[in-house]
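Summary of the model geometry
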2 protein chains.
Amino acid sequence: MVRIAVDAMGGDFAPQAVVRGAESACREKIVDQIVLTGNEELIKPLIKEPKGIEIVHTPVAVEMHEAPSSALRKKRDSSMNRGFELLKSGSVQAVVTAGNSGAALAFAIFTLGRIGMVDRPAIATLHPNIARGVTVLLDAGGNVDCKPAHLIQFAIMGDAFMRSVFSIKSPRIGLLSNGEEETKGNELTREAHDLMKTVDLNYIGYVEGTDLYNGRADVVVCDGFVGNVALKIAEGIAESLLIFLKESMEKSIMKRVGYFFMKDAFQELEKKVDYSEYGGAPLLGIDGVCIICHGKSNERAIKNAIRLAHNFVDKNLNDSIKETMISYFKS
Amino acid sequence: MVRIAVDAMGGDFAPQAVVRGAESACREKIVDQIVLTGNEELIKPLIKEPKGIEIVHTPVAVEMHEAPSSALRKKRDSSMNRGFELLKSGSVQAVVTAGNSGAALAFAIFTLGRIGMVDRPAIATLHPNIARGVTVLLDAGGNVDCKPAHLIQFAIMGDAFMRSVFSIKSPRIGLLSNGEEETKGNELTREAHDLMKTVDLNYIGYVEGTDLYNGRADVVVCDGFVGNVALKIAEGIAESLLIFLKESMEKSIMKRVGYFFMKDAFQELEKKVDYSEYGGAPLLGIDGVCIICHGKSNERAIKNAIRLAHNFVDKNLNDSIKETMISYFKS
């Protein structure tokens, strides 16, 4: 039986969207049991289908814009950290939160601890590519100032992740840079580039932003500042392209007719762009399964994040990462 | 009479695409005269309409992937640098190149020099936003490792640019970061953020990638590494969205019918995404008008870059930037 803790107070649309997502996950038998952590007075009235849902009352909540260091000092009894405590004690097998991602990273490290030999756990986001595969990007925002050695650790975790979850035998690892040539890169990437060649990875060298979508790499590595900026650029352009397209359609009846015939294609496209399709991003390098969702997560995103968490528990993701990490660092 | 030097040997499709673009610009009377710098033996046979086009024979060319420092040492007699020399001597009023952008920046600084008080000239890219305006991003790739003071200079140049070219009275300046809150940012942006508040600019604080497209900011400032990665992410997602959409259309006749009615809308969309629409990116902070084009520039991109250069010459862009910079640094 898989039990997953879900932070009912995390996210811009919490607790409503979180409760709805948890209910959907139970209804669709994605998971056996869900433990909602949060303020019972707020959560209980929202629950329409209590089957499979349990509440652990935790009145304190981490604010979306609170500094992680402050949350870590003052909010150990928060709904967010309670989830990690339940995971630590073995009462649940995974945690899902759409709350403050910096705080989630901080609490995960504090409460669960890191997998041995990992200095900096990282947020890994999944991107469908046009080669019909998936490319994972890490770090997507956990660690803004990185040293070269941290990027190497991200590469190793990404490698382990693609091996265990997507059964890719020799994941192609690229280092995100401003060009493919050796002469490109900044101080950080140049040092990391040299180091990367010394590790037993299928390192393909520098990759560019376009390679996140064309299937050239399975794993794209960067520091969390660059990764986060990149993701938000992608979100921004995808949204504005759809707006441009819809605006130009509204200008003519012919285009509206055309749209009618193409509706499915647009819906498919919006799914591709929609972060809620994958639900969330795994936190790699901590000792336990944790999925971090977009702050704007809706019911569907929460449900899919619960599905992703369940999938990682099934595949013993964390044990695989641990083993891979140990084997790399030993060699 | 406006004369513009165009580097005939720069770009992935040079010299063909460059010669075609120069011919179009002359045919459409976008410019009075064009000086093509490059290997006459290669260029001359390509010219079908010689009216308004002059060749300055320069057999040496900078390679697309050559290190800028090496080009600067060994290729002062290149087609690229010859353009800057012509500009310096007053024989032309602007330079357009689709060649190695790092080398272009290096030669521009070496041959033309910087506008007083600018440490690091920057590449500024123009982005149409959904508020029907334009947002300028800088630095888009010139300077990979920046200090906080450099970001302030980029902000001031962006401000001057939006005032003189787009007549925006008080351009809203944002600093690209991984979130809007004060607690976000990395070491570089946090220091720059504090400094930015001390300068007399309409500084709106941290902005995110999405703000490059939603019209919230007129000027978005970042270091050249982050800027370049961001641009290539945007390119990648735009291209792959169009591929996804076309693929899903090919699956059904109904969607093909729909596409037929919507063709204009798609063409409009492709224009929006297409870098060749603006043609190129001005290099700000050097003492002369220079437009750097995408390496993949086609005929249309070159033509539009020539138009952009002409426009900047007309508006005395460089004098405006000089004046604005001086007034900021004096205050």
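Calculation criteria
- Residues numbered from 1 in each chain as written.
- Chains lettered and ligands numbered in written order.
- Predicted model: local features only at pLDDT ≥ 70, side-chain atom pairs only at ≥ 80, totals over all residues.
- Heavy atoms only, no water.
- Least-squares fit on C-alpha atoms with pLDDT ≥ 70 in both.
- Contact = heavy atoms within 4.5 Å.
- Helix = DSSP H or I, 4+ residues; strand = E, 2+ residues; numbered from the N terminus.
- Polar contact = N/O pair within 3.5 Å; in protein donor to acceptor, adjacent residues only side chain to side chain.
- pLDDT = per-residue confidence, 0-100.
- Pairing = 2+ DSSP bridges.
- Axes fitted to C-alpha atoms, helices over the stretch in contact; angles between N-to-C directions.
- Buried area = accessible area lost by both parts, 1.4 Å probe.
- Salt bridge = Lys/Arg side-chain N within 4 Å of Asp/Glu carboxyl O.

**Here's the deal with the relation of the copies chain A and chain B**
The transformation that overlays chain A on chain B combines an axial shift of 0.0 Å with a rotation of 180 degrees, and the residual RMSD is 0.1 Å. Taken together, the rotation and translation describe the operation of a two-fold axis. Ranked by how close their C-alpha atoms come to the rotation axis, the residues of chain A are headed by G258 of chain A, at 1.8 Å. Taken as a fraction of all interface residues of chain A, those also at the interface in chain B reach 100%, which identifies the copy contact as same-surface.

**With respect to the side chain of S177 of chain B**
Looking at the element boundaries, S177 of chain B is found in the loop between strand 7 (172-176) and helix 7 (187-196). For S177 of chain B, the side chain forms a polar contact with the main-chain nitrogen of G185 of chain B, separated by 3.3 Å. When residues no more than four places from it in sequence are discounted, the contact partners of S177 of chain B are F225 and V229 of chain A together with K184, G185, T189, Y206, V207 and E208 of chain B.

**Focus on the confidence of the model for chain A**
Of the residues in chain A, 97% have a pLDDT of 70 or more, and the chain-wide mean is 90. Both scores are given for the predicted complex: the pTM is 0.89, the ipTM 0.86.

**Examining the sheet that holds strand 7 (residues 134-138) of chain A**
All names here are of chain A. Overall, mixed pairing links the 5 strands, which are arranged 6-7-10-8-9 in an open sheet. Edge strands, defined here as strands with exactly one partner in the open sheet, are strand 6 (125-128) and strand 9 (202-207). Between one strand and the next, the sheet's axes are offset by a mean angle of 25 degrees, whatever the strand orientation. Contacts from helix 7 (residues 187-196) reach strand 8 (172-176) and strand 9, with the element oriented near 160 degrees to strand 9.

**Brief notes about the interface of chain A and chain B**
With 59 residues of chain A at the interface, the matching set in chain B holds 59 residues. Of all residues in chain A, the largest losses of buried area upon contact with chain B belong to F225, I233 and F261 of chain A, amounting jointly to 12% of the total for that side. There are 4 salt bridges connecting chain A and chain B. For the salt bridge of D145 of chain A with R190 of chain B, the shortest nitrogen-to-oxygen distance reads 3.6 Å. Seen at the junction of chain A and chain B, the total is 10 residue pairs in polar contact (both at pLDDT 80 or more). Every element with two or more residues in the side of chain A that touches chain B is listed here: helix 7, helix 8 (224-250) and helix 9 (253-273) of chain A.

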